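One letter stands for each residue in the lines below.
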Amino acid sequence: MASTLFTRDTFFDLLVNIVPIVIGLFFVALYTVMDPWGGSTLGRAIQYGLILIPLVALTILTYAAAKRIELEE
């Protein structure tokens, strides 16, 4: 078993999850800098919730998958 969590092979296996995480972070940064729809604070909170909740869940899932992949090897 490797000493680090993300070996090269694990990274390539998890790339399918890492790409959507990066895209989600891009949209969070974009919506923080710009307010394309202008609106209330509630609308902004819903907008961030719809992006951040799945993003956090996917990050946790990716970490768990990395640990599982490393245990299998």
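Residues numbered from 1 in each chain as written. Predicted model: local features only at pLDDT ≥ 70, side-chain atom pairs only at ≥ 80, totals over all residues. Heavy atoms only, no water.

1. So, the packing of helix H1 (residues 8–33) against helix H2 (residues 41–72)
With their axes 10 Å apart at the nearest point, H1 and H2 run at an angle of 160° to one another. Taken together, the axes of H1 and H2 are roughly antiparallel relative to one another. Classified by chirality, the crossing of H2 by H1 is left-handed. Considering only residue class, the contact of H1 with H2 consists of 16 nonpolar, 7 polar and 3 charged. (Axes fitted to C-alpha atoms, helices over the stretch in contact; angles between N-to-C directions. Helix = DSSP H or I, 4+ residues; strand = E, 2+ residues; numbered from the N terminus. Parallel < 35°, antiparallel > 145°, perpendicular 65-115°, else oblique. Left-handed = near helix turned anticlockwise from the far one by under 90°. Nonpolar A, V, L, I, M, F, W, Y, C, P; charged D, E, K, R; others polar.)

2. Thoughts on the packing of aromatic side chains
In total, this model carries 3 aromatic pairs according to the counting rule given. With centroids separated by 5.5 Å and ring planes inclined at 70°, the aromatic side chains of phenylalanine 26 and phenylalanine 27 adopt a geometry described as edge-to-face. Overall, phenylalanine 26 belongs to the exposed group, its relative accessible area being 51%. On the accessibility criterion, phenylalanine 27 (32% relative accessible area) is partly exposed. (Phe/Tyr/Trp six-rings, centres within 6.5 Å; stacked < 30°, edge-to-face > 60°. Buried < 20%, exposed > 50% of the residue type's maximum accessible area, 1.4 Å probe, protein only.)

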